[in-house]
Amino acid sequence: MALLVGLWGIRRQDTLWGDEAVTYAMAHRSVPRIWHTLAHVDVVHGLYYLIMQGVFGLWDGGLVALRLPSVLAVAAAAVGIVRLGQRLGGTWTGLLAGLVLPLLPPVQRYAQEGRSYALVCALITWGSCLLVGNLFRTEGRDRTEGRDRTEGRDRTEGRDRTEGRDRTEGRSRREGQDRTEGQGRAEGQGRAWGHVRRWVAYGVVMLTACLLHELAVLILLAHGVTVFRARLARPVTRAWAVAAGGVLTGLLPLAAISTTQSAQVGWIGVPDSGEVLGFVATALLGVAFARVPGRVCGPITLPELALPLLILPTALLMLTSPLHPLYVDRYVLASATGFALLTGSALDRLRQSAHAAGTARRVTCAVALLGVLAALVPVSTALRKPGSRENDAFAIARAVQGIAEPGDGLLFMPSRRRVWTLARPDSFRSLADLALERTPVASDTLFGKELPPGRIRARILTRARIVAVRDLEGQPLEVNTREGVKRATLDAYFEECANRTVTQARITVYARPGHC
């Protein structure tokens, strides 16, 4: 199911938005080039770029190769959700939750993007599987150890009574008991090492998720809420705390470096009212699903795992936004796993109640479910159209080619809009990039290195006609000397001849007065 949904329209009518263009360009650089670039920018995505460099090294399949890892990651996440649901709520809960996950609109969107978010979601899902498995095994081990101690005490009491009657038989039993105890110690050591290995596996999976995107650490906090609210035995909480400490320690170098590149997220603003209301509605729906009575299959319940996953990461980012805005829906995509689990559990209870009810209620439930699926069809179709993304680098390149003439100059205002050239740099080769000193590849950057302001001004004045690729009207202007010189020189010596808007880009043709 997840594979079918992910592969449907994976090329998105041959469109590519800006962030995917960055992935495509970085994946086609050598490993040393990627390493040098990360020293300047995008270190938080470094591991993902290295993975994609390996993917394109094996198969340079264009847009399909770019997005296929995300499709496979969502499929892996759906399998993990099935296992989680089965463990916490039963077979039908798992199957229904696994069907819900790939149908959620945010998951459908990022299953078809060449970015790291789907991979993070898959790792978080399997990290949650390992967590739940560890908690269940630990409870079972505690029961087994208690039973072993009781049986050992019973055997000792029996041995004491028998020794008074027959020393020879007692000696034989002692020898047998010694052998049994030796075997028990060996088995105990084996169980202990297995226990350690499972917690290490959990830590490795969670650390990998955090290295792919450091805000995945918020899911680690959600896991902590689950562990501590379940009031498990102290050795269990201590084992989780040690594993979590290892994850944080491993993440620390990346976090330290990324703080030096914090200007990259300067574009993120405070969540708007629509985003806040959408989150509140989703959280309330999740809480309502959690109140539906379900099975208790172990030391934790399904809501105890799913509700913190759904609510905590998004709530923390939104609440801290007035101080340091970092909320973007794709950064917390893994929270969708919590919603899928809760929905699967609620659907299972609905299935059971409909099975016990009359025909009329069954038909009503079936019609309601079909209605929900029908409502998803236009949303799913829209997500596979070019207009579903913020911009389209391919469409912008075609528009520039269509509006430009031989000998025209080219300006990117601001310089970060040069990112739209990364996937198809040949589309801009016929134009002279007037501000560029070194290309993105040569400068080990994403946007290239620009000339000093004075030289930019001088090169602009050598042209009679210039094509400027800009942000849409109303977007905040970058305040720096280079961008100020570009705007001032065009305003003083040129006039606008034509404007064309393509997705989030405004392409303007400037010419000397009287030469439009």
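Residues numbered from 1 in each chain as written. Predicted model: local features only at pLDDT ≥ 70, side-chain atom pairs only at ≥ 80, totals over all residues. Heavy atoms only, no water.

1. What about a nonpolar patch on the surface?
Here's step 1: The grouping of Trp193, Val196, Val200 and Val204 at the surface amounts to a nonpolar patch, some 400 Å² of accessible area in total.
Here's step 2: Accessibility expressed as a relative area gives 49% for Val200, which makes it partly exposed. (Patch = residues over 30% accessible without salt bridge, like charges linked within 9 Å, V, L, I, M, F, W, Y side chains within 5 Å. Areas by Shrake-Rupley, 256 points an atom, 1.4 Å probe, with all protein chains shown as cover. Salt bridge = Lys/Arg side-chain N within 4 Å of Asp/Glu carboxyl O. Buried < 20%, exposed > 50% of the residue type's maximum accessible area, 1.4 Å probe, protein only.)

2. Focus: the environment of Glu275
Here's step 1: Tracing the backbone through its elements, the reader meets Glu275 in helix H12 (residues 273–290).
Here's step 2: By relative accessible area, which is 34% here, Glu275 ends up partly exposed.
Here's step 3: Sequence separation between Glu275 and Tyr327 is 52 residues; the distance between their C-alpha atoms is 9.7 Å.
Here's step 4: The residues touching Glu275, leaving out its near neighbours within four places in the chain, are Met318 and Tyr327. (Helix = DSSP H or I, 4+ residues; strand = E, 2+ residues; numbered from the N terminus. Contact = heavy atoms within 4.5 Å.)

3. A few points about the nonpolar core
Here's step 1: In this structure, Leu101 and Leu305 are the most contacted members of the largest nonpolar core, which totals 119 residues.
Here's step 2: Ranked by the residues each element gives to this core, the list is headed by helix H8 (residues 117–163), at 12 residues.
Here's step 3: Among all residues touching Leu101, those that are not within four sequence positions of it are Ala77, Ala78, Ile81, Val107, Ala336, Thr337 and Ala340. (Core = buried A, V, L, I, M, F, W, Y, C linked by side-chain atoms within 4.5 Å.)

4. A short note on helix H2 (residues 18–27)
Here's step 1: Counting buried positions along H2 yields eight of 10 residues, so the element is predominantly enclosed.
Here's step 2: Residues of H2 that are buried include every one of Gly18, Glu20, Ala21, Val22, Thr23, Ala25, Met26 and Ala27, and no others.
Here's step 3: Its buried side turned inward, H2 meets helix H3 (31–38), helix H4 (46–58), helix H5 (62–89) and helix H16 (393–403).

5. Description of the state of the cysteines
Here's step 1: Tallied over the entire structure, the rule returns one disulfide.
Here's step 2: Shown here is the disulfide that connects Cys497 with Cys516, its sulfur atoms set 1.9 Å apart. On the S-S bond that ties Cys497 to Cys516, the torsion sits near -75°, and the link is left-handed. A residue pair is termed long-range when its members are at least 10 positions apart, and Cys497 in strand S6 (residues 495–502) and Cys516 in the segment after strand S7 (505–511) qualify at 19 residues.
Here's step 3: Assessed through its relative accessible area of 30%, Cys497 is described here as partly exposed.
Here's step 4: Residue Cys516 is classed as exposed on the basis of its relative accessible area, which comes to 57%. (Disulfide = S-S within 2.5 Å.)

6. Considerations on the layout of surface pockets
Here's step 1: In this structure, the second largest pocket spans a volume of roughly 700 Å³.
Here's step 2: Looking at the second largest pocket, it is lined by 22 residues, and the ones nearest its centre are Val100, Thr343, Leu347, Leu369 and Val372.
Here's step 3: Counting only elements with at least two residues in the lining of the second largest pocket, the list comes to helix H6 (91–100), H12, helix H14 (336–356) and helix H15 (359–383).
Here's step 4: The class makeup of the residues in the lining of the second largest pocket is 20 nonpolar, one polar and one charged. (1 Å grid on protein atoms, 1.4 Å probe; cavity = no way out; pocket = protein on both sides within 12 Å on 5 of 7 lines; lining within 4 Å. Points joined across faces, edges and corners; volume = space filled by probe spheres on them. Nonpolar A, V, L, I, M, F, W, Y, C, P; charged D, E, K, R; others polar.)

7. Notes on the pairing of strand S5 (residues 465–471)
Here's step 1: Counting buried positions along S5 gives seven out of seven residues, so the element sits mostly inside the fold.
Here's step 2: Judged from the five bridges that link them, strand S1 (residues 409–413) and S5 form a sheet pairing that is parallel. Bridging across to S5, Met413 finds its partner in Arg470. (Pairing = 2+ DSSP bridges.)

8. Considerations on the environment of Arg12
Here's step 1: As for its placement among the helices and strands, Arg12 is situated in the loop between helix H1 (2–7) and H2.
Here's step 2: A relative accessible area of 1% means that Arg12 is categorised as buried.
Here's step 3: Ignoring any residue separated from it by four or fewer positions in sequence, one finds Arg12 in contact with Trp17, Glu20, Arg67, Gln112, Glu113, Leu383, Arg384, Lys385, Pro386, Ser388 and Arg389.
Here's step 4: From its side chain, Arg12 meets the backbone oxygen of Gln112 in a polar contact 2.9 Å long. (Polar contact = N/O pair within 3.5 Å; in protein donor to acceptor, adjacent residues only side chain to side chain.)

9. Re empty space enclosed by the protein
Here's step 1: Taken as a whole, this structure holds three cavities of 30 Å³ or more when the rule is applied.
Here's step 2: Roughly 80 Å³ of internal volume is contained in the largest cavity.
Here's step 3: Together, 13 residues line the largest cavity, and Val120, Tyr331, Val332, Leu333 and Ala334 are the ones closest to its centre.
Here's step 4: Elements that contribute at least two residues to the lining of the largest cavity include exactly H8 and helix H10 (217–229).

10. With respect to the packing of aromatic side chains
Here's step 1: This model, assessed by the stated rule, comprises eight aromatic pairs.
Here's step 2: Pairing Trp199 with Tyr202 gives two aromatic rings, centres 5.8 Å apart and planes at 90°, and the pair type is edge-to-face. Of the two residues, Trp199 and Tyr202 are both situated in helix H9 (residues 167–212); the distance of three residues between them amounts to about one turn of the helix.
Here's step 3: Classification of Tyr202 as buried rests on a relative accessible area of 0%.
Here's step 4: Centre to centre, the rings of Phe228 and Trp240 are 5.9 Å apart; their planes meet at 90°, and the pair counts as edge-to-face. Of this pair, Phe228 sits in helix H10 while Trp240 is found in helix H11 (residues 234–259), placing the two residues 12 residues apart along the sequence.
Here's step 5: On the basis of relative accessibility, which here comes to 9%, the residue Trp240 falls in the buried class. (Phe/Tyr/Trp six-rings, centres within 6.5 Å; stacked < 30°, edge-to-face > 60°.)

11. Looking at unusual backbone geometry
Here's step 1: The omega torsion of the bond from Met413 to Pro414 falls at 5°, within 30 degrees of zero and hence cis.
Here's step 2: The phi dihedral of Gln13 falls on the positive side, at around 55°, and the residue is not glycine.
Here's step 3: On the secondary structure map, Gln13 appears in the loop between H1 and H2.
Here's step 4: Here Gln13 falls in the exposed class, since its relative accessible area comes to 55%.
Here's step 5: A positive phi angle, close to 55°, is found at Asp444, a residue other than glycine.
Here's step 6: Residue classification places Asp444 among the buried residues on the basis of a relative accessible area of 11%.

12. Description of the packing of helix H17 (residues 453–460) against helix H18 (residues 481–493)
Here's step 1: Where H17 meets H18, the axes come as close as 9 Å, and the angle between the chain directions of the two elements is 25°. Here H18 runs roughly parallel to H17, going by the angle between their axes. Note that H17 runs across H18; the crossing there is right-handed. Every residue of H18 that contacts H17 at Pro453, Ile456, Arg457 and Ile460 is listed here: Thr481, Arg482, Val485, Lys486, Thr489, Leu490 and Tyr493. (Axes fitted to C-alpha atoms, helices over the stretch in contact; angles between N-to-C directions. Parallel < 35°, antiparallel > 145°, perpendicular 65-115°, else oblique. Left-handed = near helix turned anticlockwise from the far one by under 90°.)

13. Notes on the environment of Ala340
Here's step 1: Take Ala340: it is sitting in helix H14.
Here's step 2: A residue is classified by how much of its surface remains accessible, and Ala340, at 0% relative accessible area, is buried.
Here's step 3: Distance in space between the C-alpha atoms of Ala340 and Leu99 is 8.4 Å, their sequence separation being 241 residues.
Here's step 4: Beyond its immediate stretch of four places on either side in the chain, Ala340 contacts Ala97, Val100 and Leu101.

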